[in-house]
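# Breakdown of the fold
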Amino acid sequence: MLPEIRTPIPGPRSRELASSLSKYENRNVTYFAADFPIFWDRASGINVWDVDGNRFVDFTAGFAVAAHGHTHQAIQDAIANQSARLMHAMGDVHPAENKLRLCQRLSEITFERWGLGVGKTTLCNSGFEAVEVALKTSLLHSGKAGVIYFSGGYHGLGYGALEVIGIPWFREPFLLQLRDFATAIPYPNCFRCPFGRTEGYRLEGSRFPNCASSCLAAIEDQIAQTIRTRPIGCILVEPCQGRGGEVVPPIDFHRMLRQICDTYKILLVWDEIYTGFNRTGTLFACDQFGVYPDIICLGKGLTAGFPLAACVGRAEIMDAWPLSAGEALHTTTFLGNPMGCAAALASIDLHLEKALGTRVQTLGRQFRDRLKELALPAIGHVRGLGLLVGAEIIRPDGSPDPAKALQIVLCALKDGLLFLTGGTNGNVLSFTPPFCIETEEIDYACKKIYQYLRLGSVS
Ligand SMILES: Cc1ncc(COP(=O)(O)O)c(C=O)c1O
């Protein structure tokens, strides 16, 4: 359903709640401004209603979580049934049965499906924890502390994850409590080439740049040099950068990383927390890159609405962890929460429906085409894969324009459209809607963007 706005945005109740929350919550958490935020009350499918009764269309899926649409009936039922029976178990001591079913299912849909044997899982409460389990696994497996990661990458904000985050301002305030075990390498970005080439971005999606992907040789060199100078246990990479601005690398990038990992006997860790579970139009992004990792980190669309994530690795790698002798080396109070496992099992069943990937690919292509057809000079580059769609907002000289991107988000909010900005410069309009979005809603959003940029509500 298209938006229905009944009050000024934010409405009076949202304003009242914002004023109270700002008194009691750490002031660094929620962003408060005269025109921000709205408080969510309920949601269904593609729509969110705020506490003032306004209906919005959600182009974020709540940070790419609500893949099947908000409050999907099957996931609701799974959580409700499980909560009536058993809400909480003792994850690493006396688990619930559905923890076994989920770990088995994750193995079946990843490493077993790829013909790479059994996958073993550590369940986590949050994406960054899954990344940190991967980092710990890398050390236990190789005895090497070093990690190669990529500029612009986002892996969450725990202290382990901060070591490997490619957006430095998240890390800088905490440097005194961090150790330096990781090395950043440029991520190929055809629109803002880290090696100064300009040919790549002209082609659709930048998957086939016409600069002969010269960045790849430079990246390979930098990685090889790093491996020669410090002990490296793994390369950690996002298949496409999500929070980094929907950056899709040239098609050979991941094949090259796989080759390097095989040559130097280091682990390849894919962070598919954002891209996994059909977000890019295949169950996992690696299914379309034709490259398989040794460890995969999953979250967000895994449950499509319950805080649960997973680090899944090939059994022989995960078996670097010692057999538990009664104290797990990595666990949490809520590990393998039964409601989370039930939500994940229900969500995975929905993800395995045959037509879903094709639907995501078709809608994503439509969305990118519509954005390009607007032919707006302020939109410098439209890119993405599936329903991971980014539009770079630029100044006339081509430099990033985060202020304009934010203005668009604020105008859209007033019109009942939930947008987000992303990218390392904050100038990318970042769209990750639920998969039940329809062409009508996509067209509506594009028309609004046209109005803001062409007819002057955003200058
Ligand atoms: C690729 C990627 N990895 C890890 C994370 C961190 O996940 P969480 O916020 O659940 O800790 C995110 C979150 O956006 C992400 O996009």
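The structure under discussion appears in the preceding block.
Attention here is on the structure that accompanies the text. (Residues numbered from 1 in each chain as written. Predicted model: local features only at pLDDT ≥ 70, side-chain atom pairs only at ≥ 80, totals over all residues. Heavy atoms only, no water.)

Quick look at the overall build of the chain now. Secondary structure assignment for the chain yields 14 helices and 15 strands. The C-alpha atoms of the chain give 22 Å as radius of gyration, which agrees with the globular expectation for 459 residues (23 Å, within 12%). C-alpha atoms of the chain, sized along the principal axes, occupy 60 × 60 × 45 Å. For the chain, buried positions account for 56% of its 459 residues. Across the chain, the fraction of contacts at a sequence separation of at least 24, relative to all contacts at a separation of at least 6, is 72%. (Helix = DSSP H or I, 4+ residues; strand = E, 2+ residues; numbered from the N terminus. Rg over C-alpha atoms; globule rule 2.2 N^0.38 Å. Buried < 20%, exposed > 50% of the residue type's maximum accessible area, 1.4 Å probe, protein only. Contact = heavy atoms within 4.5 Å.)

A few words now on the site of the ligand. All residues in the neighbourhood of the ligand are listed as Ser-126, Gly-127, Phe-128, Tyr-154, His-155, Gly-156, Glu-238, Arg-243, Asp-271, Ile-273, Tyr-274 and Lys-300. Here a nitrogen atom of the ligand sits 3.3 Å away from a polar atom, N or O, in the main chain of Tyr-154. The contact in question runs from a nitrogen atom of the ligand to an N or O atom on the side chain of Asp-271, over 2.6 Å. For the ligand, the protein covers 83% of the area, taking 380 Å² as the surface of the free molecule. Per-class residue counts for the shell around the ligand are four nonpolar, four polar and four charged. (Near = heavy atom within 4 Å. Polar contact = N/O pair within 3.5 Å; in protein donor to acceptor, adjacent residues only side chain to side chain. Areas by Shrake-Rupley, 256 points an atom, 1.4 Å probe, with all protein chains shown as cover. Nonpolar A, V, L, I, M, F, W, Y, C, P; charged D, E, K, R; others polar.)

Right, let's get into helix H7 (residues 214-229). Helix length check: H7, at 16 residues, gives a terminal C-alpha distance of 24 Å against a target of 22 Å (1.5 Å per residue), a fit within 8%. What H7 keeps buried is the set Cys-215, Leu-216, Ile-219, Ile-223, Ala-224, Thr-226 and Ile-227. One side of H7 carries all its buried residues, which in axial view fall inside an arc of 165 degrees. Among the exposed residues of H7, those oriented more than 90 degrees off its buried face are Asp-221, Arg-228 and Thr-229. The elements touched by buried residues of H7 are strand E5 (146-150), strand E6 (182-185), strand E7 (232-237) and helix H8 (253-264). (Expected span 1.5 Å × (residues − 1). Arc of directions from axis to C-beta.)

By secondary structure assignment, the location of Val-382 is in strand E11 (residues 379-385). In this structure Val-382 comes out as buried when scored by relative accessible area, which is 7%. Through-space distance from the C-alpha of Val-382 to that of Glu-163 is 30 Å; in sequence the pair is 219 residues apart. Ignoring anything within four residues of it in the chain, the contact list for Val-382 reads Arg-368, Leu-371, Lys-372, Gly-390 and Ala-391.

With 14 residues, helix H11 (residues 338-351) extends 20 Å from end C-alpha to end C-alpha; this agrees with the ideal 20 Å at 1.5 Å per step. Most of H11 is tucked away: 13 of the 14 residues are buried. The N-cap residue of H11 is Asn-337: its side-chain oxygen and the backbone nitrogen of Met-339 are 2.9 Å apart.

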